[in-house]
Amino acid sequence: MMELMVGPVLALAIGAGCRLLDIPLPAPPKLQGALLVLAMTVGYLLGDRLLG
Amino acid sequence: MSWKFCVGLSLGLAIGLGCRWLGIPVPAPPMLVGASLVVAMTSGYLLADHFIATRPAHHRPDCGGPSGDTQETRT
């Protein structure tokens, strides 16, 4: 449970730190791109559930 | 929400489904927690961008993943 709370906070800090220090971010710099990554994962998990 | 974004989301879902169906490695984290961390990283980047908008980010084109930018918009 603790890891689930630390993860998002760390990810937010990494994103903010990359912008503050002007370092390339290991994720899409736009929300649409990140949502597309999420959509691919959801599609993969849906396929996993459908195919058993 | 524009129709192009909806088409993109549908394509993302189809790519994920197709990758699982054909047994191809998916170009995204295969777990929902990992994908949520990607969204959280992008959210942190955008939040910081909102607060220091006076200083331009020179390395935005080097950031990973699909940004929606085209070559025309970058130049």
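If you're wondering where the values come from, they're calculated on a predicted model, not measured in any experiment. (Residues numbered from 1 in each chain as written. Chains lettered and ligands numbered in written order. Predicted model: local features only at pLDDT ≥ 70, side-chain atom pairs only at ≥ 80, totals over all residues. Heavy atoms only, no water.)

> In this structure, what is going on with the overall build of chain A? I would like to understand it.
The helix and strand tally for chain A stands at 2 helices and 0 strands. The C-alpha atoms of chain A give a radius of gyration of 14 Å, which is well past the 10 Å a tight globule of 52 residues would have. In terms of principal-axis extent, the alpha carbons of chain A reach across some 45 × 30 × 15 Å. Here chain A holds 52 residues, and the buried ones make up 35% of them. Of the roughly 3,000 Å² of accessible surface on chain A, 76% is carried by carbon and sulfur atoms. (Helix = DSSP H or I, 4+ residues; strand = E, 2+ residues; numbered from the N terminus. Rg over C-alpha atoms; globule rule 2.2 N^0.38 Å. Buried < 20%, exposed > 50% of the residue type's maximum accessible area, 1.4 Å probe, protein only. Areas by Shrake-Rupley, 256 points an atom, 1.4 Å probe, with all protein chains shown as cover.)

> Hey, could you run me through the interface of chain A and chain B in this one?
The figure often quoted for interface size is the accessible area lost as the parts come together. Each partner contributes to the interface: chain A provides 40 residues, whereas chain B provides 48 residues. Buried surface at the junction of chain A and chain B, summed over both partners, amounts to about 3,900 Å²; 75% is from carbon and sulfur atoms. Of all residues in chain A, Arg19, Pro29 and Tyr44 of chain A give up the largest surface area on contact with chain B, accounting jointly for 21% of the area buried on that side. Linking chain A with chain B are 2 salt bridges, by the criterion used here. A salt bridge links Asp49 of chain B to Arg19 of chain A; its shortest N-O distance comes to 2.6 Å. In this assembly, chain A and chain B are joined by 10 residue pairs in polar contact (both at pLDDT 80 or more). Ranked by residue count, the leading element in the side of chain A that touches chain B is helix H2 (residues 31-51) of chain A, at 20 residues. When its residues are assigned to classes, the side of chain A that touches chain B shows 29 nonpolar, 7 polar and 4 charged. (Contact = heavy atoms within 4.5 Å. Buried area = accessible area lost by both parts, 1.4 Å probe. Salt bridge = Lys/Arg side-chain N within 4 Å of Asp/Glu carboxyl O. Polar contact = N/O pair within 3.5 Å; in protein donor to acceptor, adjacent residues only side chain to side chain. Nonpolar A, V, L, I, M, F, W, Y, C, P; charged D, E, K, R; others polar.)

> Looking at this structure, how should I read the side chain of Arg19 of chain A?
Inspection of the secondary structure puts Arg19 of chain A in helix H1 (residues 2-21). Within the structure, Arg19 of chain A has its side chain in polar contact with the side chain of Asp49 of chain B (distance 2.6 Å). Excluding its chain neighbours within four sequence positions, the residues that come into contact with Arg19 of chain A are Tyr45, Ala48, Asp49, Ile52, Arg55, Pro56, Ala57 and Arg60 of chain B.

> Help me understand a nonpolar patch on the surface, please; the structure alone is not making it clear to me.
Taken together, the side chains of Val42, Leu46, Leu50 and Leu51 of chain A together with Leu13, Leu17, Trp21, Leu22, Ile24 and Leu32 of chain B define a hydrophobic patch exposed on the protein surface, amounting to about 960 Å² of accessible area. Listing elements by their share of the nonpolar patch, those giving two or more residues are H2 of chain A together with helix H1 (3-22) of chain B. (Patch = residues over 30% accessible without salt bridge, like charges linked within 9 Å, V, L, I, M, F, W, Y side chains within 5 Å.)

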